[in-house]
Amino acid sequence: MTTKSRKKIYEGKAKILYEGPEPGTLVQYFKDDATAFNAQKKAVLDGKGVINNRISEFVMTKLNNIGVQNHFIKRLNLREQLIREVEIIPLEVVCRNVVAGSMAKRFGLPEGQQLPRSIIEFYYKNDALEDPMVTEEHVTAFNWANTQEIDEILAMTLRVNDFLSGMFAAVGITLVDFKIEYGRLFEGEFSRVILADEISPDSCRLWDAQTGDKLDKDRFRRDLGNVIESYAEVAKRLGIMGDMPKVIEGGITS
Ligand code: ADP
Ligand code: MG
């Protein structure tokens with residue numbers, strides 16, 4: 001990749017967005033920075049960005065193949081991918097299959113309890129407000145999305161959940177829950193909702209189906225250690241660790 005200066009559009013907690021080579025495109029750069037609890041806890045995890053870039057590429061490509069339209073165009077290098085620029089809908093869409101994290105806390109339920117059906121929750125994406133949970137009423141009343149967009153988001157999220165649950169189950173991993181973001185892709189005056197951001201061990205809860213071991217960001221949140229090793233284990237089971245260069249393995253073991 002050339003080092004010609006590019007316009008930085010946005011720097012978030014885990015990624016940086018740069019202006020893309022063509023209008024309507026962006027370059028998404030995956031950092032090694034890890035944050036939790038609304039960025040109160042921070043660390044740098046060597047190699048995380050490389051693994052998440054690769055896992056997100058793999059998942060988005062598979063989703064595209066089954067007709068779940070998303071922003072991914074192609075991976076450019078170890079840490080960067082070319083994406084379609086969208087107008088992000090300011091919602092964190094969470095889909096849960098098993099009780100964990102904030103759901104366990106909020107409802108006083110034991111982590112690991114299977115839910116009777118998949119549950120989708122909306123959170124308003126706003127760090128200053130600590131991403132409060134909202135209902136569809138808030139979403140439409142505050143014009144974050146209209147009812148048709150909400151319907152599309154719900155239908156797409158269930159498809160993503162079904163596909164990912166099967167994909168991970170096939171490699172001995174339980175998809176406990178995940179967070180995704182959507183955005184509007186404009187074609188003239190019309191827009192459609194597509195999947196954006198990333199899907200990685202930063203945004204999913206992934207438990208080893210046999211042992212229950214956590215293979216996701218909870219290892220960082222809860223100081224369980226072996227964070228990168230666990231992310232690499234997910235990549236390995238998906239069969240994509242072979243694509244990862246030796247330098248990264250160095251980063252992982254260092
Ligand atoms: P944050 O700290 O806000 O979560 P991240 O570090 O995750 O930020 O960086 C990614 C940012 O880019 C997020 O704010 C996300 O909403 C946004 N984003 C993701 N995909 C796209 C896209 N295709 N077009 C525009 N913005 C996007
Ligand atoms: Mg983010």
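Position labels on residues start from 1 in each chain and follow its written sequence. For naming, the first written chain is A and the first written ligand is 1, with later ones following in the order written. pLDDT decides what is reported in this predicted model: residues at 70 or higher carry local features, side-chain atom pairs at 80 or more are listed and counted, and totals for whole chains, interfaces and linings draw on all residues regardless. Excluding hydrogens and water, the side-chain figures rest on all heavy atoms present in the structure.

The name given to the protein chain in an unreviewed UniProt entry is Phosphoribosylaminoimidazole-succinocarboxamide synthase, and the organism recorded there is Asticcacaulis machinosus. UniProt positions are given in the numbering used here, feature names are shortened, and annotations may be inferred rather than shown by experiment. We quote the UniProt Pathway (unreviewed entry) comment for the protein chain here in full: "Purine metabolism; IMP biosynthesis via de novo pathway; 5-amino-1-(5-phospho-D-ribosyl)imidazole-4-carboxamide from 5-amino-1-(5-phospho-D-ribosyl)imidazole-4-carboxylate: step 1/2." The Catalytic activity (unreviewed entry) field of the UniProt record for the protein chain holds the comment "5-amino-1-(5-phospho-D-ribosyl)imidazole-4-carboxylate + L-aspartate + ATP = (2S)-2-[5-amino-1-(5-phospho-beta-D-ribosyl)imidazole-4-carboxamido]succinate + ADP + phosphate + 2 H(+)".

1. Thoughts on the environment of V59
Secondary structure elements are taken from DSSP: a helix is a run of H or I of four residues or more, a strand is a run of E of two residues or more, and numbering for both begins at the N terminus. For V59, the location among the structural elements is in helix α1 (residues 48-65). On a C-alpha basis, the gap between V59 and I199 in space is 6.9 Å, while along the polypeptide they are 140 residues apart. Once you skip the residues sitting within four places of it in the chain, V59 turns out to touch L164, M167 and I199. Here, residues are in contact when the closest pair of their heavy atoms is within 4.5 Å.

2. Points about the site of ligand 1
Not every one of the 18 residues close to ligand 1 is listed here, only the nearest: K13, A14, K15, R84 and E181. Any pair of N or O atoms that falls within 3.5 Å is considered a polar contact. Within protein, one atom must be able to donate a hydrogen and the other to accept it, and sequence-neighbouring residues count only if both atoms are side-chain atoms. One of the backbone N or O atoms of V86 is found 3.1 Å from a nitrogen atom in ligand 1. Between D197 and ligand 1, the recorded distance is 3.1 Å, taken from a backbone N or O atom to a nitrogen atom. Each accessible area is a Shrake-Rupley result for a 1.4 Å probe, and residues are judged covered by the shown protein chains and nothing else. Starting from 550 Å² of accessible surface for ligand 1 in isolation, the protein chains cover 91%. Within the residue set of the shell around ligand 1, elements represented by two or more residues are β2 (15-19), β3 (25-30) and β7 (80-84). Put simply, a residue is near a molecule or strand once any heavy atom of it comes within 4 Å of that molecule or strand.

3. Structural notes on the sheet that holds β7
Sheet strands pair via backbone hydrogen bonds, and the direction of the pair is either parallel or antiparallel. What makes two strands pair is DSSP finding at least two bridges between them. With antiparallel pairing, the five strands of this open sheet are ordered in space as β1-β2-β3-β7-β6. Strands with a single pairing partner mark the edges of an open sheet, and in this sheet they are β1 (8-11) and β6 (72-75). Sheet twist, expressed as the mean angle between neighbouring strand axes with direction ignored, is 25°. As defined by bridge partners, β6 adjoins β7 across three bridges and the pair is classed as antiparallel. What sits directly across from F72, in β7, is I83. In this analysis an axis means a line fitted to C-alpha atoms, helices contributing only their contacting stretch, and an angle means the value between N-to-C directions, from 0 to 180 degrees.

4. Topic: the side chain of D131
Mapped onto the elements, D131 comes out in the loop between β10 (114-124) and β11 (133-134). Throughout this description, buried means an accessible area under 20% of the type-specific maximum (1.4 Å probe, protein chains only), exposed means over 50%, and partly exposed covers the range between. Note that His is not counted, nor are the chain ends; the positive residues are Lys and Arg, and the negative ones are Asp and Glu. Every case where a carboxyl oxygen of Asp or Glu lies within 4 Å of a side-chain nitrogen of Lys or Arg is listed as a salt bridge. Here D131 is buried and forms no salt bridge, its nearest opposite-charge partner K13 lying at an N-O distance of 5.9 Å. Separated by 2.9 Å, the side chain of D131 and the backbone nitrogen of N126 make a polar contact. Setting aside chain neighbours within four positions, we find D131 in contact with E92, Y123, Y124, K125 and N126.

5. Looking at the pattern of salt bridges
If you walk through the whole model with that rule in mind, you get 31 salt bridges. Residues K179 and E92 are paired through a salt bridge, measuring 3.9 Å at the closest nitrogen-oxygen approach. Taken together, the residues K179 in strand β12 (residues 173-187) and E92 in strand β9 (residues 91-98) connect sequence positions 87 residues apart. With relative accessibility at 18%, the residue K179 sits in the buried group. When the shortest N-O distance is used, the salt bridge between E111 and R222 registers 2.9 Å. Taken together, the residues E111 in the loop between α2 (101-107) and β10 and R222 in the loop between α5 (218-221) and α6 (227-237) connect sequence positions 111 residues apart. Residues joined by salt bridges that share partners form a network here, namely R96, E111, E121, D177, R205, D218, R221 and R222.

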